[in-house]
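Examining the three-dimensional arrangement
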Amino acid sequence: MILGIECTAHTFGIGVVHNKKILANIRDMYRPEKGGIVPLDAAKHHQHIALSLYQQALDKANINEKNIKAIALSNAPGLAPCLLEGLRFAQQKAQSLSIPIIPVNHCIAHLEIGQHEGARDPVLLYTSGANTQIIAFSSGKYRVFGETLDIGIGNFLDKFARHVGIPFPGGPFIEKEAKKGTYIELPYTLKGMDVSFSGLYTKLIQLYNNKIPPPDLCFSLQETAFAMLVEAAERALAHTEKKELVLGGGVACNTRLQEMCKVMCKERKARFFCPKKEFLIDNAAMIAYTGELMFKAGVFSPPSQVNIEPRERTDEVDVTWK
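What you see is a predicted model; the values in this text were computed from it and never measured. (Residues numbered from 1 in each chain as written. Predicted model: local features only at pLDDT ≥ 70, side-chain atom pairs only at ≥ 80, totals over all residues. Heavy atoms only, no water.)

1. Quick notes on the sheet that holds strand 5 (residues 101-105)
Defined as follows: Two strands pair if DSSP finds at least two bridges between them. We count a stretch as a helix when DSSP gives it H or I for four or more residues in a row; a strand needs E for two or more, and each element gets its number in order from the N terminus. Whenever a helix is involved, its axis is fitted only over the stretch in contact; in every case the axis is a line through C-alpha atoms, and angles between N-to-C directions fall within 0 to 180 degrees. Two residues form a contact once any of their heavy atoms are found within 4.5 Å.
Read from one edge of the open sheet, 5 strands run 3-2-1-4-5, paired in mixed fashion. Among the strands making up the open sheet, the edge pair consists of strand 3 (21-29) and strand 5. Between one strand axis and the next, the sheet turns through 20° on average, direction left out of account. When strand 1 (residues 2-6) meets strand 2 (residues 11-18), the two strands line up antiparallel, connected through 5 bridges. Residue pairing for strand 2: Gly4 is matched across the bridge by Gly15. Sitting on the sheet, helix 1 (residues 39-61) is in contact with strand 1, strand 2 and strand 3, with an inclination near 155° to strand 3.

In structure tokens form, the structure reads like this:
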């Protein structure tokens, strides 16, 4: 019985997994009144909500906390104040229960939860706020075959949304507006398997200031940015000779991105996996799920020896549990 804690950014979550079965997945999201995430305010939110969510998760899973064998903590990468709040809570609980902590890389958890959908050896197109990476397992690590050269796809969407007066998070509003728009040609920046969104963002702002209708901008933004991501993912499939694609991260909730991935995979005769929405957005079930895989392989530490790693890259983690 593994309890997972998600605390890398705006979401604090508690999940419970037993023998790969998800028993609870409780979450609460910090939403700023205006602008983007303020890390210290998000950390205060986590501190305020942690104990309540912990109890809710135990109730949902119908277990006693004494049934928990280890706590899986998303200790990397993320916003340092948020990670510290999660670490404090995890250490407090682990010490009181005399159980170890399993440090889980948040990005890797997005890939591992793909196994819950049936993927065996996939390429992961990871699309979230701060992270945009194309990842696959090779030679003992999850290697990054491509990534953003500037900002993550989710932050790019939110940044554009803020400029045009759309509240956080901007992705769902952009997806809704895009259904009413028509295509305008925009900069398309793909270098090997790396992508860049800064030029695209600058052009969108110029067009918005020139009174181009927001639905047209939203439609064109999605078609261009997502095409870049899907082409990069296709190149990774060709390069690695893998036959499975997993879509992960909060931006993966976008139905248009899912459609484009499905079409590409069908043309390549590759299998496409997209977890349910509750496992795409930041969540603790994927942390607990990955933590269970690691725990069974003996990857865990005493509570006092675990620390946060705000800048840890996916390809820095030795994957000894596969």
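There's plenty left to go through after this.
2. Some points on the environment of Lys276
For clarity, the threshold we go by: Partly exposed describes any residue whose relative accessible area lies between the buried limit of under 20% and the exposed limit of over 50%, with all areas from a 1.4 Å probe on protein chains only and scaled to the type maximum.
Structurally, Lys276 is set in the loop between strand 12 (271-273) and helix 9 (277-280). Exposure remark for Lys276: the relative accessible area of 56% places this residue in the exposed category. Put simply, Lys276 and Gly248 are 28 residues apart on the chain and 9.7 Å apart in space, counted from C-alpha to C-alpha.

3. Concerning the pairing of strand 11 (residues 244-248)
By the criterion of burial, strand 11 is predominantly enclosed, with 5 of the 5 residues buried. Taking every second residue as pointing to the same face, both faces of strand 11 are buried, with Glu244, Val246 and Gly248 on one and Leu245 and Leu247 on the other. Looking at chain direction, strand 6 (residues 123-127) and strand 11 are connected through 4 bridges and run parallel. Each bridged residue has a counterpart across the sheet, and for Leu125 the counterpart in strand 11 is Leu247. Relative to strand 12, strand 11 runs parallel, the two sharing 3 bridges. Bridge pairing in strand 12 links Val246 to Phe273.

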